[in-house]
Amino acid sequence: MDRIKILSAVAAAVFLALAAFPLACSHPRLPSFDSKRAFEYIEQQCAFGPRTPNSPAHDRCREYLLQKLQETTPICRRQQFIHIDNKKNDTLRLTNLIASFNPEHKTRILFCAHWDCRPRADKESDTSLHRQPVLGANDAASGVAVLLVMAEIMKFHRPPIGVDIVFFDGEDYGRDDYPEGWLLGSKYFVRNIGGYRPSAVILLDMIGDSDLQIHREYYSNTHARWLVDKFWKAAKIENAAHFFDDVKHTVLDDHVPFLQAGFPAIDIIDMDYPFWHTLADTPDKCSESSLGEVGRTLVRFVYDPEIGVNKRNR
């Protein structure tokens, strides 16, 4: 009788182990995301000063970012273009930076962020400060920093699909009297997209806030709900506690030109950032923890076969 009980117990243990096995396999071990390194990349971008178009800091940071991308993949290029502000008679020399990974794969996703800084701190309560440029630690060195770490990950861990990273220039140039000055880099990229057809576009903007609050963005959730759901699923698996399921903000951002052109695109953004477009947008307002939440979610989105864009379910 005791022998029967022992055999029954062993059989039960084996059954439970086999039952648990598919669950364990559904969340594979993924490459780790170095949030400390991401924070260092924020500091290094800010060390150049405000990266406003036509400034020496802008030129130096462009070459720095290109070098960092070239260290991870040989497929890098500048997309240079000119924008003329007729109201101010300004000619802007702008550059999008583009890097590709797993170039042979036909299914491709695009990760992007803008790398320029706002040339005016127009959210300062003191109007005498409005003409000063913003350092842009969170807006948007944080998104660039996370994508630089992702590029390093993909150098050593070949992604299962094609991935392209684009750093857009001229996102933050617009004014109330010059709305056409917003989103210059992404609009230029989409106008000249040629035969490139990304299956998904993920934009990172202001994701380093130490008090992180990422809600579903309205345009994203309305026009690419399936993609938002996938990204939020990845965030849930990663226990990213600062992703919230409600729609809170409607944001005109670099994802909008893609949506207008018919591409699924979503904006991962924290608009509840009190230092937005002020001189206080400095690295001390950002945190490794926030960068890590977004970074781990991005890794999960790319490398978990149960999340990937190939498993599109509306």
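Everything here concerns the structure above.
(A) Here's a closer look at the overall build of the chain. For the chain, the count of helices and strands is 9 helices and 8 strands. The buried share among the 314 residues of the chain stands at 56%. A separation threshold of at least 6 residues defines the contact pool for the chain, and within that pool the share at least 24 residues apart is 79%. As displayed, the chain has an accessible area near 14400 Å², and 53% of this comes from carbon and sulfur atoms.

(B) Here's a closer look at the pattern of salt bridges. Scanning the entire structure with this criterion turns up 19 salt bridges. The partner of Arg-62 in a salt bridge is Asp-59, and the shortest N-O contact between them spans 3.1 Å. In this pair, Arg-62 and Asp-59 both sit in helix α3 (residues 56–70), 3 residues apart, roughly one turn of the helix. Assessed through its relative accessible area of 15%, Arg-62 is described here as buried. Its relative accessible area of 30% is what places Asp-59 among the partly exposed residues.

(C) View of the nonpolar core. Ranked by size, the top nonpolar core spans 64 residues in total, and within it Phe-111, Phe-167, Ile-202 and Ile-268 carry the most contacts. A per-element tally of this core places helix α4 (residues 137–156) first, with 12 residues. The contact partners of Phe-111, leaving out residues within four places of it in the chain, are Leu-147, Met-150, Val-163, Asp-164, Ile-165, Val-166, Ile-202, Leu-298, Phe-301 and Val-302. Membership of the second largest hydrophobic core comes to 15 residues, among which are Val-166, Phe-189, Tyr-196 and Phe-263.

(D) The arrangement of the sheet that holds strand β8 (residues 265–269) in detail. The strand order across the open sheet formed by 6 strands is β1-β2-β4-β3-β5-β8, and the pairing between neighbours is mixed. A strand with exactly one partner marks an edge of an open sheet, and here the two such strands are β1 (76–85) and β8. Sheet twist, expressed as the average angle between the axes of neighbouring strands with direction ignored, equals 20°. Taken together, the 5 bridges between strand β5 (residues 200–205) and β8 define a ladder with parallel strand orientation. By the bridge assignment for β8, Leu-203 is matched with Asp-267. Most of the contacts of helix α9 (residues 288–303) go to strand β3 (residues 108–114), to which it runs at about 160°, and overall it touches β3 and β5.

(E) Inspection of the side chain of Asp-172 at higher detail. With respect to the helices and strands, the residue Asp-172 is situated in the loop between β4 (162–168) and α5 (184–191). Separated by 3.2 Å, the side chains of Asp-172 and His-277 make a polar contact. Non-local contacts of Asp-172, meaning those with residues more than four positions away in its chain, are made with His-114, Asp-116, Cys-117, Arg-118, Pro-119, Arg-120, Asp-139, Trp-182 and His-277.

(F) Looking closely at helix α2 (residues 35–46). Taking 1.5 Å per residue, 12 residues should reach 16 Å; α2 reaches 17 Å between its end C-alpha atoms and fits that length. The set of residues buried in α2 consists of Ser-35, Ala-38, Phe-39, Tyr-41, Ile-42, Gln-45 and Cys-46. Buried residues along α2 cover an arc of 150° about the axis, so they all sit on one side. Check the buried side of α2 and you find it contacts α3, α4 and α9. Structurally, the start of α2 carries an N-cap: the backbone nitrogen of Lys-36 is 3.2 Å from a side-chain oxygen of Asp-34.

Basis of the calculations
- Residues numbered from 1 in each chain as written.
- Predicted model: local features only at pLDDT ≥ 70, side-chain atom pairs only at ≥ 80, totals over all residues.
- Heavy atoms only, no water.
- Helix = DSSP H or I, 4+ residues; strand = E, 2+ residues; numbered from the N terminus.
- Buried < 20%, exposed > 50% of the residue type's maximum accessible area, 1.4 Å probe, protein only.
- Contact = heavy atoms within 4.5 Å.
- Areas by Shrake-Rupley, 256 points an atom, 1.4 Å probe, with all protein chains shown as cover.
- Salt bridge = Lys/Arg side-chain N within 4 Å of Asp/Glu carboxyl O.
- Core = buried A, V, L, I, M, F, W, Y, C linked by side-chain atoms within 4.5 Å.
- Pairing = 2+ DSSP bridges.
- Axes fitted to C-alpha atoms, helices over the stretch in contact; angles between N-to-C directions.
- Polar contact = N/O pair within 3.5 Å; in protein donor to acceptor, adjacent residues only side chain to side chain.
- Expected span 1.5 Å × (residues − 1).
- Arc of directions from axis to C-beta.

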